[in-house]
Amino acid sequence: MFNKQTITWNALMLAIVVILISTFNGLMFKPIAKASSSPNHVTNGGFETDFWEDSSWAIEHTPDEVDIHHFAYADDPWIRADEGEHALNFWIRDTATGSQSFILKQATSELRAGTYELTVRAMGGSNEEAGAIQLFAEDETTSAVTTTGYNEWQTITLPLEVDEQSTIEVGAIITGTSSAWGYLDQFSLTLVEEQGGNDVIPDPVEADIFVERVDGIPDDFMKGVDISSIIALEQSGVTFYDDHGNVQDIFQTLQEAGVNYIRIRIWNDPYDTNENGYGGGNNDLEKAIEIGKRATKNGMRVLANFHYSDFWADPAKQKPPKAWETLSFEDKKQALYEFTKESVKTMLDEGIDIGMVQVGNETTNAFVGETNWEKMSELFNEGSRAVREVDETILVALHFTNPETPGRYETIAQRLYEYNVDYDVFASSYYPFWHGTLNNLTTVLSHVADTYDKLVMVAETSYTYTRQDGDGHANTAPSSGQTLNYPITVQGQGTAVRDVIEAVVNVGKSGMGVFYWEPAWIPVGPPESIEQNKQLWERDGSGWATSYAAAYDPEDAGEWYGGSAVDNQALFDFQGHPLPSLHVFNYVETGTISPVKIDEIKDVYLTAFVGEAVTLPETVEVRFNNGTTGTMNVMWDGEALEEALASGAGSYVIEGIVEEGSAVRAHLQIVQQNYVRNPSFEENDRSMWIISYENGTSPHTNYQNKPSDAKTGDYSLHFYSPEAVDFTVKQTITDLEPGYYTLSMFIQGGDAHDSDMFLFAETSSERFKTSTSVNGWVNWRNPEITEILILNGTITIEAKIQANGGAWGTLDDFALYRIANVEEEELSPTKELIRGKEPAKNNTDHDDNLNSTEEKEQQLPSPENKNDNRNPLKNKELLNQKNTDGKQAGLLPNTATNHFAFILVGVLMLLGGSTVLLLKK
């Protein structure tokens, strides 16, 4: 048992010992990282993603003789992990005869001329169970190297000369006899020396964060930022500084940090009839000219981003500007052409150096109110025509999002090709917490570049460096359902930016740039000054939306207007000082030297059932600024743990101290047992769930592996159909103790304009239901049915989803909890089981297909809750409305029902006895 004073004293003494030891022996917990290294040209070289799913590796083998697995180190407590969390594992079956082999290979991206090293780490069986590994690159092959035993890792190396820029095939040939096994990890192809003898790695610079150099960045690679809100922020009194704490024009600070492009959004008329701005920077052409002139003055080029709306345009909203709402399609085309041409010409006349024009913003599903791709394409071409007529050297970009959705970019690029759309650059948004893996980003952009001969880039990216909210307006990240693969620190932010740059560079010569979205959108005042902040947001448009935007966007901005939703994703702190992560735009060219230090101590998350013993881990995972990980011993507050266990169901935080003195927390969730099997669809066996499609609809659901669409974990049940959505998903649960239970689930989605969505619970004697709905991405609804009486141990739970074609969404986290015991009298076989209910035949709400049980509906309120990339607000909790006395008006009381039952049973027994006597006679 530790109390807090004991933990603090022990931690202090331990920290002193650590410091003394470190003085003589160097860094105790981790070796100093190498200053810099050439980037790895092998995709998924550490096998961190599943190569069977992402096709990063091609594997040729005999399926019946060789087993190959995407292996998680966590599955073997005795293995010594070589690097990361995964490896490739192989085993030649003991039924195999003779020597067996398989080939692991992939084609690398374009390589510059020079000397390379192809390496891999390997270990495995010894003697008869040894595997033999040969590396190859085109025609070059190493001698076979055999594994020598469990946890005996070794490095295999193949030197390679590349005479000219090219794409080559690299990989390994693995051979063995019956029962041979092994592991591969850290496959890499790195440039050692550039052709001509020049050292390819420039001297790294000293910095506060660790950045690995990105090899092969073209001299004209666009390292851009979108600071469209900057004028409004400055009007609200926001000040920016240089690295030494001196007030400095932010454009100079950005240029010094390596930024060479400024992206500016342009709205047509972001004002109401009284000239009140809608917010978000009030970015009309006038603001764009002011920003563009300052960018050009500081040596940076401009990307003019036309939304062709009066306010935010994104995948969920592509509303035409007010002045175009009543135009015919042909007139809308002409208006778009004229607005683009006049705006670009005006900006050029002001001396602004425009290098690119973006025709539309995140036009994945629609453009200027049109959803038909033929019409969308005609509008794209009008914008392109306008730019070409003004200056044919300006590049034309089209912008889309959700690269993580399989086939999306291929479909879009194919449609643009079929409709002869004139453009130069295929631009993508990529936010790490929403948009999938970087390997996938490189893959889908490479496909567009190679298939359609287009340039590609990332037009928007960002990452959060702190969990704090700077201005009193909720932030988009971090949030549940997001993928947070980087620490929420300045180092994590810097690494995230660096990795996106590398992903685009890895596309090859067609990968042309990355833009960070709104790195300067910091608070106009602290959270405690919220009322003053609101006044500034309204006056200057320095928040994401003002109340005046309700006239144009009533369902979103009109309801959730306010401040910055990304102040914790800025590259400046809340007071306007540059963060070290801002300098990544320079650091990717050189790499950095930074002392190895702990960047993140991962909190512990545990879930336990009420009454279950809980043992907190003895060690916690730590992540260092160079990306490596390790573990450290931890001491927990034992008294707090005991208090939590004694308190029962609830959420608790247990404080701890790691051995070097830093704090860590254990988040303990104590819950009632959930009797739903595989409630979140995470387990591969989903046979307990039965899905049926109604009214002749084709299958239109799938178990989707997409954390951003899941309430928890990775998987959810996804639905979408262009025709009609009409399905049920159900599970029957048995062997339950008699008692009262609560059933709930989570659902989110959109575009369901005509829907009937219900959650059902059916026992042997009663059918319950409650209605629900969807109202936008990750606006999770949580329908719940309470006081479900189960007497015979069986219940069927069911969700029924009906909606119009085009509706989409996900279901997740079903839960069935036992909440109360059943009274002795309720177990009586003569007791009426349906308390306070009329017979089913009199229930006009009853489902025609369910005549054997009654149906009880519990109504839920339907609060409106909006969310998009700009404006995240916490979901409102749904309250389960029910009568406090548990009765319903107009129904027979329990006593009347019970008296009638007893009389009926008595009459039947008397008649039965008389019949038996007559038969005997």
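See the structure shown above.
Position numbers for residues start from 1 in each chain and track the written sequence from start to end. Thresholds applied to this predicted model are a pLDDT of at least 70 for local features of residues and 80 or more for the giving and counting of side-chain atom pairs; totals over whole chains, interfaces and linings are not thresholded and use all residues. To get the side-chain values, take all heavy atoms of the structure and skip hydrogens and water.

Engineer: I'd love a proper account of the overall build of the chain, names of residues and values included.
Structural biologist: Numbering goes from the N terminus for both helices and strands, where a helix is a DSSP run of H or I of at least four residues and a strand is a run of E of at least two. Helices and strands together make up the secondary structure of the chain, namely 15 helices and 39 strands. To sort residues, take the accessible area from a 1.4 Å probe on protein chains only and compare it with the maximum for the residue type: under 20% means buried, over 50% means exposed, and anything in between is partly exposed. By residue count, 54% of the 921 residues in the chain fall in the buried class. By the convention used here, residues are in contact when the closest approach between their heavy atoms is within 4.5 Å. Residue pairs at least 24 apart in sequence account for 75% of intrachain contacts in the chain once pairs closer than 6 positions are excluded.

Engineer: Tell me what's going on with the pattern of salt bridges, and back it up with residues and numbers.
Structural biologist: Each reported salt bridge corresponds to a side-chain nitrogen of Lys or Arg within 4 Å of a carboxyl oxygen of Asp or Glu. For the coordinates displayed, the defined rule picks out 39 salt bridges. Its salt-bridge partner being Arg263, residue Asp226 comes within 2.9 Å of it at the nearest N-O pair. Linking Asp226 in strand E13 (residues 222–226) with Arg263 in strand E14 (residues 261–266), this pair joins segments that are 37 residues apart in sequence. In this structure Asp226 comes out as buried when scored by relative accessible area, which is 1%. In this structure, Asp603 engages Arg665 in a salt bridge whose closest nitrogen and oxygen atoms are separated by 3.6 Å.

Engineer: Pulling in residues and values, what's your account of the sheet that holds strand E27 (residues 663–671)?
Structural biologist: By definition, the strands of a sheet pair up through backbone hydrogen bonds, in either a parallel or an antiparallel sense. Spatially, 6 strands are ordered E22-E24-E25-E26-E27-E23 in an open sheet, and the strand pairing comes out mixed. Each edge of the open sheet is held by one strand with a lone partner, namely strand E22 (598–601) and strand E23 (604–609). The sheet shows a mean angle of 40° between the axes of neighbouring strands, taken without regard to direction. Strands were regarded as paired on the criterion that DSSP finds at least two bridges between them. Pairing between strand E24 (residues 619–624) and strand E25 (residues 629–636): 5 bridges, direction antiparallel. Note on E25: the bridge partner recorded for Val620 is Met632. Think of each axis as a best-fit line through the C-alpha atoms, taken over the contacting stretch in the case of a helix, with angles from 0 to 180 degrees between the N-to-C directions.

Engineer: Hey, could you go over the sheet that holds strand E18 (residues 425–429) for me, with residue numbers and the actual values?
Structural biologist: One closed barrel accounts for 8 strands, arranged E13-E14-E15-E16-E17-E18-E19-E20; its pairing is parallel. Averaged over all pairs of adjacent strands, the angle between strand axes in this sheet comes to 25°, irrespective of strand direction. Judged from the 4 bridges that link them, strand E17 (residues 395–400) and E18 form a sheet pairing that is parallel. If you follow His399 over to E18, its bridge partner there is Ala427. Packing against the sheet, helix H5 (residues 285–297) makes contact with E14 and strand E15 (301–306), and its axis sits at approximately 175° to E14. Here helix H7 (residues 373–390) sits on the sheet and contacts strand E16 (354–359) and E17; the angle it forms with E17, its principal contact strand, is near 150°.

Engineer: I'd like to hear about helix H14 (residues 638–647), residue by residue, with values.
Structural biologist: Among the residues making up H14, those that are buried are Gly638, Ala640, Leu641 and Ala644. Projected down its long axis, H14 carries its buried residues within an arc of 160°, all on one side. Pointing more than 90 degrees away from the buried face of H14 are the exposed residues Glu643, Ala646 and Ser647. Summarising the contacts, the buried residues of H14 are in contact with E25, strand E26 (650–658) and E27. What qualifies as a polar contact is a pair of N or O atoms within 3.5 Å, subject to a donor-acceptor requirement within protein and to the restriction that residues adjacent in sequence count only when both atoms come from side chains. Its side-chain oxygen at 3.2 Å from the backbone nitrogen of Glu639, Asp637 defines the N-terminal cap of H14. Each C-beta atom gives one direction from the helix axis, and the arc is the one those directions make.

Engineer: Go over the packing of helix H8 (residues 408–418) against helix H9 (residues 438–452) with me, naming the residues and quoting the values.
Structural biologist: One way to put it is that H8 packs onto H9 with a least axis distance of 10 Å and a crossing angle of 25°. Relative to H9, the element H8 lies roughly parallel. The handedness of the crossing between H8 and H9 comes out as right-handed. Contacts between H8 and H9 involve Tyr409, Glu410, Ala413, Gln414 and Tyr417 on the former and, on the latter, Val444, Leu445, His447, Val448 and Tyr452. When residues are sorted by character, Ala, Val, Leu, Ile, Met, Phe, Trp, Tyr, Cys and Pro go into the nonpolar class, Asp, Glu, Lys and Arg into the charged class, and all the rest, Gly among them, into the polar class. Residue composition of the contact of H8 with H9, grouped by class: 7 nonpolar, 2 polar and 1 charged. Under this scheme an angle from 65 to 115 degrees is roughly perpendicular, one under 35 degrees roughly parallel, and one over 145 degrees roughly antiparallel; angles in between are oblique. By definition, any crossing whose near helix is turned counterclockwise from its far helix by less than a right angle is left-handed, and any crossing with a clockwise turn is right-handed.

Engineer: Could you give an account of a negative patch on the surface, naming the residues involved and the relevant values?
Structural biologist: Taken together, the side chains of Glu161, Asp163, Glu164 and Glu193 make up a negatively charged region of the molecular surface. According to the relative accessible area criterion, Glu193 is partly exposed, its value standing at 33%. Exposure above 30% relative accessible area and the lack of any salt bridge qualify a residue for a patch; like charges then connect within 9 Å, and the nonpolar side chains Val, Leu, Ile, Met, Phe, Trp and Tyr within 5 Å. Method for areas: the Shrake-Rupley scheme with a 1.4 Å probe, in which residue coverage is limited to the protein chains shown. In summary, the charge assignment counts Lys and Arg as positive and Asp and Glu as negative, without counting His or the chain termini. By convention, the point assigned to a charge is CZ for Arg, NZ for Lys, CD for Glu and CG for Asp.

Engineer: An account of the packing of aromatic side chains is requested, with residue identities and associated values reported.
Structural biologist: Note on ring pairs: Phe, Tyr and Trp rings are taken, using the six-membered ring of Trp, and paired if centres are within 6.5 Å. Classes follow the plane angle, with under 30 degrees stacked, over 60 edge-to-face and the rest tilted. On inspection of all chains with the given rule, the structure shows 46 aromatic pairs. With a centroid separation of 6.3 Å and 55° between ring planes, the pair formed by Tyr150 and Trp181 is classed as tilted. Taken together, the residues span a long stretch of sequence, with Tyr150 in strand E9 (residues 149–162) and Trp181 in strand E11 (residues 181–194) at a distance of 31 residues. Seen in terms of ring centroids, Trp267 and Phe311 are 5.1 Å apart; in terms of plane orientation they differ by 55°. Their pairing is tilted. One end of the pair, Trp267, is in the loop between E14 and H5; the other, Phe311, is in the loop between E15 and helix H6 (329–349), and 44 residues separate them in sequence. Judged on exposure class, the residue Trp267 and its partner Phe311 are both buried.

Engineer: So what's going on with the packing of H5 against H6? Which residues, and what values?
Structural biologist: In the contact formed by H5 and H6, the axes pass within 10 Å of each other and the chain directions differ by 30°. Viewed along their axes, H5 and H6 form a crossing whose handedness is right-handed. Residues Leu285, Ala288 and Ile289 of H5 pack against Ser343, Thr346 and Met347 of H6. For the contact of H5 with H6, the class distribution of residues is 4 nonpolar, 2 polar and no charged.

Engineer: Account for the environment of Ser755, naming residues and giving values.
Structural biologist: Its place among the elements puts Ser755 in the loop between strand E32 (739–750) and strand E33 (756–762). Residue Ser755 is classed as partly exposed on the basis of its relative accessible area of 26%. Separated by 48 residues in the primary sequence, Ser755 and Ala803 place their C-alpha atoms 4.1 Å from one another. Not counting the four nearest positions on each side in its chain, Ser755 is found in contact with Gln802 and Ala803.

Engineer: Any details on the pairing of E15? Residues and values, ideally.
Structural biologist: Burial runs high along E15: 5 of the 6 residues are buried. With respect to chirality, the unit in which E14 leads through H5 into the neighbouring parallel E15 is right-handed. Bridge count for E15 against E16 is 5 bridges, and the pairing is parallel. Bridging from a neighbouring strand, Asn305 pairs with Gln358 of E16. For a crossover, the right-handed case is the one in which the path from the first strand over the helix to the second runs clockwise, viewed with the strands pointing away from the viewer. The β-α-β motif built from E15, the intervening H6 and the parallel element E16 has right-handed crossover chirality.

Engineer: How would you summarise the side chain of Thr364 if you had to cite specific residues and measurements?
Structural biologist: For Thr364, the location among the structural elements is in the loop between E16 and H7. Side-chain polar atoms of Thr364 contact the backbone nitrogen of Thr401, separated by 2.9 Å. When sequence neighbours within four positions are dropped, the list of residues in contact with Thr364 reads Trp373, Phe400, Thr401, Arg408 and Ile412.

Engineer: I'd like a description of the nonpolar core, backed by residues and values.
Structural biologist: One finds Leu254, Ile262, Phe311, Phe380, Leu416 and Phe426 to be the most contacted residues of the largest nonpolar core, which totals 111 residues. Ignoring any residue separated from it by four or fewer positions in sequence, one finds Leu416 in contact with Trp373, Phe380, Leu398, Phe400, Val421, Tyr423 and Phe426. We define the nonpolar core as a collection of buried residues of types Ala, Val, Leu, Ile, Met, Phe, Trp, Tyr and Cys that are connected through side-chain atoms lying within 4.5 Å of one another.

Engineer: Before we move on, could you go through the side chain of Arg686 and cite the residues and values that matter?
Structural biologist: Turning to its location among the elements, Arg686 is positioned in the loop between E27 and strand E28 (690–693). Of the side chains with opposite charge, Glu682 lies nearest to the buried Arg686, which makes no salt bridge, at 6.7 Å. Setting aside its immediate chain neighbours within four residues, Arg686 contacts Asn678, Phe681, Tyr703 and Tyr715.

Engineer: Mind laying out helix H10 (residues 490–505), listing which residues take part and the relevant values?
Structural biologist: In this model H10 runs 23 Å from its N-terminal to its C-terminal C-alpha over 16 residues, within 8% of the 22 Å that 1.5 Å per residue would give. A large share of H10 lies buried, amounting to 14 of its 16 residues. Take the number of residues in a helix, subtract one, and multiply by 1.5 Å to get its expected span.

Engineer: Run through the environment of Asp353, naming residues and quoting values.
Structural biologist: With respect to the helices and strands, Asp353 occurs in the loop between H6 and E16. Those residues in contact with Asp353, other than ones at most four positions away along the chain, are Thr296, Arg301 and Val302. A distance of 3.1 Å separates a polar atom in the side chain of Asp353 from a polar atom in the side chain of Arg301.

Engineer: Lay out unusual backbone geometry with the relevant residues and their values.
Structural biologist: With an omega of -5°, the peptide bond between Ala477 and Pro478 qualifies as cis. Here Pro478 is to be found in the loop between strand E19 (455–461) and H10. Phi is positive for Val368, close to 50°, though the residue is something other than glycine. Tracing the chain through its elements places Val368 in the loop between E16 and H7. When its relative accessible area of 1% is taken as the criterion, Val368 is described as buried.

Engineer: I'd like a rundown of the pairing of strand E6 (residues 132–137), residues and numbers included.
Structural biologist: Most of E6 sits inside the fold, with 5 of its 6 residues counted as buried. Examined bridge by bridge, E6 and strand E8 (residues 145–146) share 2 bridges and lie antiparallel to one another. Across the sheet, the residue bridging to Ala132 is Thr146, located in E8. Where E6 meets strand E10 (residues 169–176), 6 bridges bridge the pair, whose relative direction is antiparallel. Each bridged residue has a counterpart across the sheet, and for Gln134 the counterpart in E10 is Ile173. As paired strands, E6 and strand E7 (residues 140–141) are joined by 2 bridges and run antiparallel to one another. Within E7, the residue paired with Ala137 across the bridge is Glu140. The antiparallel pairing of E6 with E7 creates a hairpin that spans 2 residues between the two strands, and Glu138 there sits at a positive phi of about 55°.

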